[in-house]
Amino acid sequence: MSHSPKPKPDGRFRMFAPILAGATLRERLIACVGALIGIGLTGLISSYLLGQGPHLPLIVAPMGASAVLLFAVPASPLAQPWSIIGGNTISALVGIITASLIHDPIIASGVGVALAIAAMSLARCLHPPGGAAALTAVLGGPVVASWGLLFPFVPVGLNSCILVALGLLFHKLARRNYPHVAAIAAVNTHQTADLPASLRVGFREEDLDAALAAFDETFDIDRGDLSRLLQQVELQATIRAHGDIRCADIMSRDVISIGADADPSDARALLLKHNIRTLPVMDENGQLAGTVGLRELSQHAGRVGDILSKAATASDADPAFSLLPVLTDGHAHAVIVIDSEHRILGLISQTDLLSAAARALPTGSAER
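On a predicted model such as this, the values are computed, not experimentally measured, just so you know.

(A) Structural detail: the sheet that holds strand β4 (residues 313-314). If you walk across this open sheet you meet the three strands as β4-β5-β6, and the pairing is mixed. Since the sheet does not close on itself, it has two edges, and those belong to β4 and β6 (344-349), each with one partner. Two strands pair when backbone bridges link them, and β4 and strand β5 (residues 334-338) are joined in this way by two bridges, in the parallel orientation. Bridged to A314 within β5 is V337.

(B) Quick peek at the confidence of the model for the chain. Per-residue confidence for the chain averages 86 on the pLDDT scale, and 87% of its residues sit at or above 70. Of the regions scoring below 50 in pLDDT, residues 1-7 engages in zero contacts with residues more than four places distant in sequence or in other chains.

(C) Focus on the pattern of salt bridges. In this structure the tally under the stated criterion is eight salt bridges. R223 serves as the salt-bridge partner of D209, at 2.8 Å between the closest nitrogen and oxygen. Linking D209 in helix α8 (residues 205-215) with R223 in helix α9 (residues 223-241), this pair joins segments that are 14 residues apart in sequence. Classification of D209 by relative accessible area gives partly exposed; the value is 39%. The class of R223 is partly exposed, set by a relative accessible area of 34%. The closest approach of N and O atoms between R303 and D306, which form a salt bridge, is 3.1 Å. Residue R303 is classed as partly exposed on the basis of its relative accessible area of 28%.

(D) Region of interest: the nonpolar core. If you look at the biggest cluster of nonpolar residues, it comprises 20 residues, and the most contacted ones within it are L70, F71 and F151. For this core, the secondary-structure elements that each account for two or more residues are α1 (25-50), α2 (62-72), α3 (81-101), α5 (129-139) and α7 (152-173). In terms of nonpolar packing, the next biggest core, distinct from the first, is built from 16 residues, I245, C247, M251 and V337 among them.

(E) Representation of the packing of aromatic side chains. In the structure shown here, the tally under the stated rule is two aromatic pairs. When the centroid spacing of 5.5 Å and the interplanar angle of 85° are considered together, the rings of F71 and F170 count as edge-to-face. Placement of the pair is F71 in helix α2 and F170 in helix α7, with a sequence separation of 99 residues. F170 carries the same exposure label as F71, and that label is buried. Measuring from centroid to centroid gives 5.8 Å for F215 and F219, while their planes differ by 85°, and the two rings are edge-to-face. According to the relative accessible area criterion, F215 is exposed, its value standing at 53%. The class of F219 is partly exposed, set by a relative accessible area of 39%.

Conventions and cut-offs
Residues numbered from 1 in each chain as written. Predicted model: local features only at pLDDT ≥ 70, side-chain atom pairs only at ≥ 80, totals over all residues. Heavy atoms only, no water. Pairing = 2+ DSSP bridges. Helix = DSSP H or I, 4+ residues; strand = E, 2+ residues; numbered from the N terminus. pLDDT = per-residue confidence, 0-100. Contact = heavy atoms within 4.5 Å. Salt bridge = Lys/Arg side-chain N within 4 Å of Asp/Glu carboxyl O. Buried < 20%, exposed > 50% of the residue type's maximum accessible area, 1.4 Å probe, protein only. Core = buried A, V, L, I, M, F, W, Y, C linked by side-chain atoms within 4.5 Å. Phe/Tyr/Trp six-rings, centres within 6.5 Å; stacked < 30°, edge-to-face > 60°.

So, in C-alpha cells, the structure goes:
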C-alpha cells in the first residue's frame, strides 16, 4: 500500500507553518511589529514616569508574554484588556501576599501560581502571563520585597495599562478588531418565541454545549465565536456543493425601481401593484442609492430618498447560496445585484433563492 506524501504549506515561505487556525505570514509580521512597538514604548514611558535605577524595574518580564497574546492572537479571550490588566495585577498581588505568608520559596511558588489562577478565574480575567507575574512577585528578591503591596500596581499594573493602551492604538491603526467583540447570538426579529430562521436547521446551541462537554477540554476561543465559525463552515460547505449556481442564473432582470426624488405614494403604489416587498431606489446618476419597503414608507417624508434603507448587494458572479445569511436574517427580503459602477443588474428575492434551493435538492427528497 502506497502512502501519499504529506502536503507542504502553501506560499513562498514554506518553512512558515502556522499552528494556529487562521494565522498567516502577514498576521505574524504585524504581530512582530506590534510587539516591537508595544514593549519598546512601554519601557520608554515607564522610565519617563518612574525614572531609571536599580530600585525598580522599568518593565517586568510577564509583559513579554502579554505582548505575544495582545499582538499575535488579539481575538483570544485571554488577550482582552481586562484579562491583561486584571490578570497581571491580581496575580502579582496574590504572589506578594503568598510570599509574605509562606517563607519557603518552592512551596510559595506553587501556592502563588495556583491561587493566581483561582483569583483570575473568579475575576474573569484569566491571563497566562499572570502566572509569571505571581512567580515574579514570589521570587523577585529584595527589589520586589522592598516595594511590598505597591509592586502589583507599580510597575506591573502600570506596565499592563500602558501596553494595553498601545495595543488599542496599534490595532486601530492596523484596522484589526480589538478589543474583540464576540459574535452576538441571532435573535428572532419578529419578537416571538420561535428560534431565528437560521437556527432552526443544523446544529443548535445545546448541540454545541454537548460537544464541548464530550471533549472535556478548554479551548482558547469564545463560545459565541465558535458557534459563528461552525455556522460559516456549514455555509461554505453548501456553497461548495452548489457553487455552480451563480446570482446571474437566478436573478430577476426586469427590476422595478424608482428614483430618489419620487413621491413616497408612488413607491407604495409600485410595491402593491407588482406584489413585491423591496423597491430599489436610484439616484440622479442611475446608481443604486438604497431600498424602500412598506416599513420605510410608513414614515412621513416628502421624497423617497429621505427614508432609504441600506441595500443588501451582490455581484452577478457571486455564488447564489452565499446570499443565504442575508436573506434569512429576518431583515432583508431581497438582494440587489449590481455591477462595478453600482448600477442595477438584477434582484434576487427570498422566493428566487428558495426556488434555486428546491431545484438543488436531490429528486427523491423533493418528491417527498
